[in-house]
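Residue-level listing of the chains:
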Amino acid sequence: MSDVGFVYFDLGNVLFSFDRRRACRNIAALFGGDADQADAILHESGLQNDLESGRISESQFGQHLHARYAIKDTVPLPKILNAISDMFSPIEVMADVIASLRAQRLPVGILSNTCRAHWDFVSAMPSQILDGPFDATVVSYQVGSMKPDSEIYRHANELAQAAASVSGADILFLDDRDENVAAARTHGWRAEQCLGGQPAIDALARHGITVDVTEKASPK
């Protein structure tokens, strides 16, 4: 038996795999240059993080890209947002994992660094992973804070407590990045660094949670 009272899942690489390089190639196809240049503009400069933290709007994001590339033609914003988002693939077995937790009456939530474009893209994918209801959904662009910053964990803690009357020690968090796991533990949470699929199933089992899945769960 497990005494975990709430499970938070990261989105990227736990529920959906993603290929950042693909997004860079998509942007390069729109603006020119190559994927390395796009990566520098999007990620090394912090521009993508600014969007995911809510520090800039989608419109401002598009304006920054145009300024960095200094192109004469205007690239429509919907094409830009699709280009940075068309990189996700569902880890389908996680739909069964979440369904199994719900069947056990274990509250579940999402805690993710993401922007609205990414969130809308994965929500529209033909997958059951995000079929609700989730007991709490905490996404960085709405909160104005990104993991591993403390504020997003405080917000997630409050939502979990409101939804399920749990304390930090009752919360289990699965994330693919060590620094996010370490930050969760400073808030008294249980946390595991893992990918989606079998690694996530194994992580749940280490905390006494057994799940039933209908398809083979392989590491990603």
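Everything below is about the structure shown above.
Remember, it's a predicted structure, so these values are computed and weren't measured experimentally.

## So, the overall build of the protein
Turning to step 1, where the next piece is worked out: A tally of regular secondary structure across the protein gives 11 helices and 7 strands.
Turning to step 2, where the next piece is worked out: Compactness check: the protein gives a C-alpha radius of gyration of 18 Å against a globular reference of 17 Å for 220 residues, within 12% of the reference.
Turning to step 3, where the next piece is worked out: Here the C-alpha coordinates of the protein stretch approximately 60 × 35 × 25 Å along the principal axes.
Turning to step 4, where the next piece is worked out: Buried residues in the protein amount to 50% of all 220 residues.
Turning to step 5, where the next piece is worked out: A sequence separation of at least 24 residues applies to 68% of the contacts in the protein between residues at least 6 apart.
Turning to step 6, where the next piece is worked out: Accessible surface, the protein: about 10,300 Å² in total, of which carbon and sulfur atoms supply 46%.

## Thoughts on the sheet that holds strand S4 (residues 108–112)
Backbone-to-backbone hydrogen bonds pair the strands of a sheet. The strands run either parallel or antiparallel.
Turning to step 1, where the next piece is worked out: Reading across the sheet, the 5 strands line up as S5-S4-S1-S6-S7 and stay open at both edges, with parallel pairing between neighbours. Lying at the two open borders of the sheet, with one neighbouring strand each, are strand S5 (136–139) and strand S7 (190–193). The average undirected angle you get between the axes of adjacent strands in this sheet is 20°.
Turning to step 2, where the next piece is worked out: Two strands pair when backbone bridges link them, and strand S6 (residues 171–175) and S7 are joined in this way by 4 bridges, in the parallel orientation. When the bridges of S7 are listed, Asp 175 appears paired with Gln 193.
Turning to step 3, where the next piece is worked out: Running at roughly 165° to strand S1 (residues 6–9), helix H6 (residues 93–103) makes contact with S1 and S4 of the sheet.
Turning to step 4, where the next piece is worked out: Its contacts with the sheet put helix H11 (residues 198–206) on S1, S6 and S7, and the angle it makes with S6 is roughly 155°.

## Here's the deal with the pattern of salt bridges
Turning to step 1, where the next piece is worked out: Applying the stated criterion across every chain, the model contains 12 salt bridges.
Turning to step 2, where the next piece is worked out: For Asp 39, the salt bridge goes to Arg 20, with nearest N and O atoms at 3.0 Å. Of this pair, Asp 39 sits in helix H2 (residues 35–44) while Arg 20 sits in helix H1 (residues 20–31); the two residues are 19 residues apart in sequence, bridging distant segments of the chain.
Turning to step 3, where the next piece is worked out: For Arg 20, a relative accessible area of 38% gives the class partly exposed.

## Focus: the environment of Phe 18
Turning to step 1, where the next piece is worked out: Note on placement: Phe 18 falls in strand S2 (residues 16–18).
Turning to step 2, where the next piece is worked out: Spatially, the C-alpha atoms of Phe 18 and Asp 86 are 8.8 Å apart, while their sequence positions differ by 68 residues.

## Looking at the pairing of S1
Turning to step 1, where the next piece is worked out: Every second residue of S1 is oriented toward a common face, with Phe 6 and Tyr 8 on one face and Val 7 and Phe 9 on the other, all of them buried.
Turning to step 2, where the next piece is worked out: Strand direction decides the pairing type here: S1 and S6, joined by 4 bridges, are parallel. The residue of S6 that forms the bridge with Val 7 is Leu 172.
Turning to step 3, where the next piece is worked out: In this structure, S1 lies alongside S4, joined through 3 bridges in parallel fashion. Residue pairing in the sheet places Val 7 in a bridge with Val 108 of S4.

## Describing unusual backbone geometry
Most peptide bonds adopt trans geometry, and most residues besides glycine take a negative phi value.
Turning to step 1, where the next piece is worked out: Residue Pro 133 is bonded to the preceding Gly 132 through a cis peptide linkage, with omega at 0°.
Turning to step 2, where the next piece is worked out: The residue Pro 133 is located in the loop between helix H7 (116–123) and S5 in this model.
Turning to step 3, where the next piece is worked out: Residue Pro 148 follows Lys 147 across a cis peptide bond; omega there is 10°.
Turning to step 4, where the next piece is worked out: Relative to the elements of secondary structure, Pro 148 occurs in the loop between helix H8 (140–143) and helix H9 (150–164).
Turning to step 5, where the next piece is worked out: Its identity is not glycine, yet Asn 13 carries a phi of approximately 75°, on the positive side.
Turning to step 6, where the next piece is worked out: Position of Asn 13 relative to the elements: it lies in the loop between S1 and S2.

Thresholds, definitions, all that
Residues numbered from 1 in each chain as written. Predicted model: local features only at pLDDT ≥ 70, side-chain atom pairs only at ≥ 80, totals over all residues. Heavy atoms only, no water. Helix = DSSP H or I, 4+ residues; strand = E, 2+ residues; numbered from the N terminus. Rg over C-alpha atoms; globule rule 2.2 N^0.38 Å. Buried < 20%, exposed > 50% of the residue type's maximum accessible area, 1.4 Å probe, protein only. Contact = heavy atoms within 4.5 Å. Areas by Shrake-Rupley, 256 points an atom, 1.4 Å probe, with all protein chains shown as cover. Pairing = 2+ DSSP bridges. Axes fitted to C-alpha atoms, helices over the stretch in contact; angles between N-to-C directions. Salt bridge = Lys/Arg side-chain N within 4 Å of Asp/Glu carboxyl O.

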